[in-house]
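Fold and contact review
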Amino acid sequence: MEKLRLQAEAGDAEAQCALACCYDNGEGVEQDFVQSVYWWRLSAEQGYVPAQFNLGCAYASGEGVEQNAQEAFAWWLRAAEGGDADAQYNVAKCYDSAEGVEQDYTKAVYWYHQAAERGCMESQYELGRHYQYGYGVEEDKAFAANWYRRAAEQGHAQAQCNLGVMYDYGLGIEKDKAEAVRLYRLAAEQGNAQACCNLGCSYASGDGVEQDDSQAVLWTRKAAELGNFVALYNMGCAYEHGEGVEQNEQLAVEWYRRAAEADYVKAQILLANWYDLGHNVQQDDELAVYWYRRAAELGDASAQYEVGFHYYHGQGVEQSYSQAAEWYAKAAEQGYALAQSCLGFMYDCGRGVKEDAEEAARLYRAAAEQGLATAACNLGFMYDNGRGVVADAAEAVRWYRIAAEQDDMYACCNLGRSYAVGEGVAQDYSQAFRWFSRAAELGDALAYYHLGIMYSEGEGMPVDGAKAAACFRKAAEKGDPSAQLNLALALVRGDGVEQDEYEAFTWMQSAAEGGKPVAWYNLGKMYELGVGVEADVAEALNCYRRGVELENADAQFRLGAAYAEGELGLSKDTDEAFRLYTLAAEQELHEAEYALCVLYVQGEAVEADPQMAAEWCTRAAKGGMLQAQYFLGYLYAEGLGLHKNLSMAREWYEKAAAAGHEAAREALAELEKKNNRK
């Protein structure tokens, strides 16, 4: 040691490095990292490569000197330039991970090459990895396999495992399952967790080795004990299905939980699904959300969607549309179609976000272009109604068709409607019937209603009251108020179905409660006349008033007439009658228009006004009301509120007479007599 010290003090670089190593290891002297750094520096500054490498290591670890990644890199670089393979590897790692120098994959590859050619198996492995994934070089699986092989031949476990994967899947080399298994085994026997897991998978599938569930579990368990989260998950699968072990759902849950706690997203989502559905565990919405959120925070789009879904519906968390929108947005940004569609709906109706039809249409389109039928249907609806896009019936049909061909029942129904009315496509009742029928088969109540209309109106087919009633019944039973109304009317009339006023009353009630204003009017008539129910004037009045509240013109007119005549237990009130008639007339109910005409003629509730009487009478007459046509002829004949005009009087008398109005025939005959006398 004294001789070594004397040589070192005399300036011998090799001796200085050796003395530094003695201090570093405590060999022959008391261990002293500061002294080791001192002597390495003297040696390194003379250009002695091993000392340069060791000094770099000291700076990297902070032993004997303050830790300094930049200084570590600088000394390793000098050693690397001097041909030291270990230093070359360290320089490459620094460039790879941006430690002490700016990240540069190209330079990293250069230095890995230098070290690899000198036999450094770690560098050979790293070169394989860089060529496999295209880090700093053009991706080349064949080159990757060659470098993995050189490292594997030196016993590098991860290189053996990676080369096994390449043989397993034929990446850069010809697929060879048996060779993959051989390499997995070599790495597994060195305790490589991934190789243990892969070897377990090979035994489970029988790829490259005879299938053996017990061996599969043996190697998978080893991988799991080494912390491999895929293996933890696979152990869960083994216990769930009883493969290689006795089936045990409780143990399956525990293994899946361990994988989930190790942040294996697949396991987190599986557990979340199980808690959602109560499968193999007690149903628990809160735990479902917990695991979905764990996966969502790791960036999984499907989990982000599920968190959004649970916030939207208030399952396992306090309901929050704004939170739902935030999570849907995270998944939507990753291109997750379901989230794009749901977020589009929220923008469409302004739920949790500010209403924005254009953004809704954009999101629907993004999801629809990925083939999501619901989004395609919604986008079609946007084009149908000009929401967020320029109205385009043909484009609406195009999107409806895309969704309908995937059996989206709403799209099938909408496409049927487009064909029925000839919007965006040539009118074609046979196609309308085809798509309504498909939507009905899929369970759409509205489609049954439309089929009922086609049968009752004879659209593209003979009128068939029985089939119409059957379709209305199916839609009614599914809760469609329009179908309930039509079925009630059919039952009252015995149209295509045996007359049954009592059942009709039940369906009319359902239609009214389902929001059909005209059903309240009809229900009022049934109470008033005792059709299907014991007559009850008070209930009739209540129904008419409900219809008035819902702005139904028939109810407005009937209640107006009741006030005009003092019916239904009401005191006569022509002012209220006038108000109600006006409301109905503004909706172009011709009976109400004529009723206003009569009030203006009689001067009740309003000052007599022949001109206003004539105006309302003209509206009713043009709408086809016979009494108004007759009376308009009379007004023209007498010059009341209009310039006397016998030819116009004759024209309106003739219209009413042709439709069977007896007074109009008599008036027309009298007009002819007068004309003949002249």
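**Considerations on the overall build of the protein chain**
Secondary structure assignment for the protein chain yields 38 helices and 0 strands. Relative to the 2.2 N^0.38 estimate, which gives 26 Å for 678 residues, the radius of gyration of the protein chain is 44 Å and therefore markedly larger than a compact globule would have. Its C-alpha atoms give the protein chain principal-axis dimensions of roughly 155 × 55 × 45 Å. Scored against the burial criterion, the 678 residues of the protein chain give a buried share of 47%. As displayed, the protein chain offers around 32000 Å² of accessible surface, 46% of which is attributable to carbon and sulfur atoms. Treating the 55 positive side-chain charges of the protein chain as one cloud and the 107 negative ones as another, the clouds have centres 6 Å apart.

**Notes on unusual backbone geometry**
The phi torsion of most residues other than glycine is negative, and most of the peptide bonds are trans. Even without glycine at this site, Asp-407 takes up a positive phi of about 65 degrees. Relative to the assigned elements, Asp-407 resides in the loop between helix H23 (393–404) and helix H24 (409–421). Overall, the relative accessible area of 35% leaves Asp-407 in the partly exposed class. Backbone geometry at Leu-568 places phi at a positive 55 degrees, although glycine is not the residue there. Of note, Leu-568 is situated in the loop between helix H32 (553–565) and helix H33 (574–585).

**Quick notes on the state of the cysteines**
Evaluated as defined, the whole model comprises 0 disulfides. With no disulfide partner, Cys-57 has as its closest neighbouring cysteine sulfur the one in Cys-94, 10 Å distant. For the unlinked cysteine Cys-161, the closest cysteine sulfur is that of Cys-197, found at 8.9 Å. What makes Cys-161 buried here is its relative accessible area of 0%.

**Considering helix H30 (residues 517–529)**
With 13 residues, H30 extends 19 Å from end C-alpha to end C-alpha; this agrees with the ideal 18 Å at 1.5 Å per step. Among all positions in H30, only Ala-519, Trp-520, Tyr-521, Asn-522, Leu-523, Gly-524, Met-526 and Tyr-527 are buried. The inward-facing, buried residues of H30 contact helix H28 (481–493), helix H29 (501–513), helix H31 (537–549) and H32. Downstream of H30 by a residue or two, Gly-530 has a phi angle that is positive, lying close to 70 degrees.

**Some details on the pattern of salt bridges**
Counted by the stated rule, this structure contains 25 salt bridges. A salt bridge links Arg-438 to Asp-407, with the shortest nitrogen-to-oxygen separation between them at 2.6 Å. Here Arg-438, found in helix H25 (residues 429–441), pairs with Asp-407, found in the loop between H23 and H24; they are 31 residues apart in sequence, far enough to count as distant. Linking Glu-503 and Arg-473 is a salt bridge whose minimum nitrogen-to-oxygen distance equals 2.7 Å. With Glu-503 in helix H29 and Arg-473 in helix H27 (residues 465–477), this residue pair connects regions lying 30 residues apart in the sequence. A relative accessible area of 23% means that Glu-503 is categorised as partly exposed. Among the residues examined, Arg-473 registers a relative accessible area of 24% and is labelled partly exposed. One salt-bridge network, held together by shared partners, links Lys-93, Asp-96, Glu-126 and Arg-129.

**Comments concerning the packing of aromatic side chains**
Counted according to the given criterion, the structure contains 26 aromatic pairs. Between Phe-505 and Tyr-527 the ring centres are 5.2 Å apart and the planes differ by 90 degrees, which places this aromatic pair in the edge-to-face class. Taken together, the residues Phe-505 in helix H29 and Tyr-527 in helix H30 connect sequence positions 22 residues apart. Ring centres of Phe-578 and Tyr-600 lie 5.9 Å apart, and the angle between their planes is 80 degrees; this geometry places the pair in the edge-to-face category. With a gap of 22 residues between them, Phe-578 in helix H33 and Tyr-600 in helix H34 (residues 590–602) connect regions that are remote in the sequence.

**Examining the environment of Leu-599**
Its place among the elements puts Leu-599 in helix H34. Separated by 224 residues in sequence, Leu-599 and Ala-375 have C-alpha atoms that sit 54 Å apart.

**Quick look at the environment of Ala-511**
Tracing the sequence through the fold places Ala-511 in helix H29. Distance in space between the C-alpha atoms of Ala-511 and Asn-486 is 9.1 Å, their sequence separation being 25 residues. Those residues within four positions of Ala-511 in sequence are excluded, and the remaining contacts are Pro-481, Gln-484, Leu-485, Lys-516 and Ala-519.

**Observations concerning a nonpolar patch on the surface**
Together, Tyr-105, Tyr-133 and Tyr-135 line one region of the surface with nonpolar side chains, adding up to about 290 Å² of accessible area. Mapping Tyr-133 onto the fold places it in helix H8 (residues 121–133). Its relative accessible area of 46% is what places Tyr-133 among the partly exposed residues.

**Some details on the nonpolar core**
In this structure, Leu-163, Tyr-233, Tyr-256 and Tyr-328 are the most contacted members of the largest nonpolar core, which totals 123 residues. The element that contributes the greatest number of residues to this core is helix H16 (residues 265–277), accounting for 8 residues. Leave out the neighbours within four places in its chain, and Tyr-256 touches Tyr-233, Gly-236, Cys-237, Glu-240, Ala-267, Leu-270, Leu-271 and Trp-274. Within the second largest apolar cluster, 116 residues are counted, among which are Cys-412, Met-508, Ala-667 and Leu-671.

**Here's the deal with the packing of helix H26 (residues 445–457) against H27**
Where H26 contacts H27, the axes come no closer than 8 Å and their chain directions differ by 165 degrees. In terms of orientation, H26 lies roughly antiparallel with respect to H27. Judged by the sense of rotation from one axis to the other, the crossing of H26 with H27 is left-handed. Contact residues: Ala-445, Tyr-448, Tyr-449, Leu-451, Gly-452, Ile-453, Tyr-455 and Ser-456 in H26; Lys-467, Ala-468, Cys-471, Phe-472, Lys-474 and Ala-475 in H27.

**A word on the side chain of Asp-84**
Along the chain, Asp-84 turns up in the loop between helix H5 (69–81) and helix H6 (85–97). The buried charged residue Asp-84 lacks any salt bridge, with Arg-118 as its nearest oppositely charged partner at 8.4 Å. Once you skip the residues sitting within four places of it in the chain, Asp-84 turns out to touch Val-49, Phe-53 and Ala-79.

**Quick look at helix H1 (residues 2–9)**
Turning to H1, its buried residues number three or more, namely Leu-4, Arg-5 and Ala-8. Buried residues of H1, viewed axially, fall in a sector of 100 degrees; they line one side. Every exposed residue of H1 that faces more than 90 degrees away from the buried side is listed here: Glu-2, Lys-3 and Leu-6. The inward-facing, buried residues of H1 abut helix H2 (13–25) and helix H3 (33–44).

About the thresholds
- Residues numbered from 1 in each chain as written.
- Predicted model: local features only at pLDDT ≥ 70, side-chain atom pairs only at ≥ 80, totals over all residues.
- Heavy atoms only, no water.
- Helix = DSSP H or I, 4+ residues; strand = E, 2+ residues; numbered from the N terminus.
- Rg over C-alpha atoms; globule rule 2.2 N^0.38 Å.
- Buried < 20%, exposed > 50% of the residue type's maximum accessible area, 1.4 Å probe, protein only.
- Areas by Shrake-Rupley, 256 points an atom, 1.4 Å probe, with all protein chains shown as cover.
- Lys, Arg positive; Asp, Glu negative; His and termini not counted.
- Charge placed at Lys NZ, Arg CZ, Asp CG, Glu CD.
- Disulfide = S-S within 2.5 Å.
- Expected span 1.5 Å × (residues − 1).
- Contact = heavy atoms within 4.5 Å.
- Salt bridge = Lys/Arg side-chain N within 4 Å of Asp/Glu carboxyl O.
- Phe/Tyr/Trp six-rings, centres within 6.5 Å; stacked < 30°, edge-to-face > 60°.
- Patch = residues over 30% accessible without salt bridge, like charges linked within 9 Å, V, L, I, M, F, W, Y side chains within 5 Å.
- Core = buried A, V, L, I, M, F, W, Y, C linked by side-chain atoms within 4.5 Å.
- Axes fitted to C-alpha atoms, helices over the stretch in contact; angles between N-to-C directions.
- Parallel < 35°, antiparallel > 145°, perpendicular 65-115°, else oblique.
- Left-handed = near helix turned anticlockwise from the far one by under 90°.
- Arc of directions from axis to C-beta.

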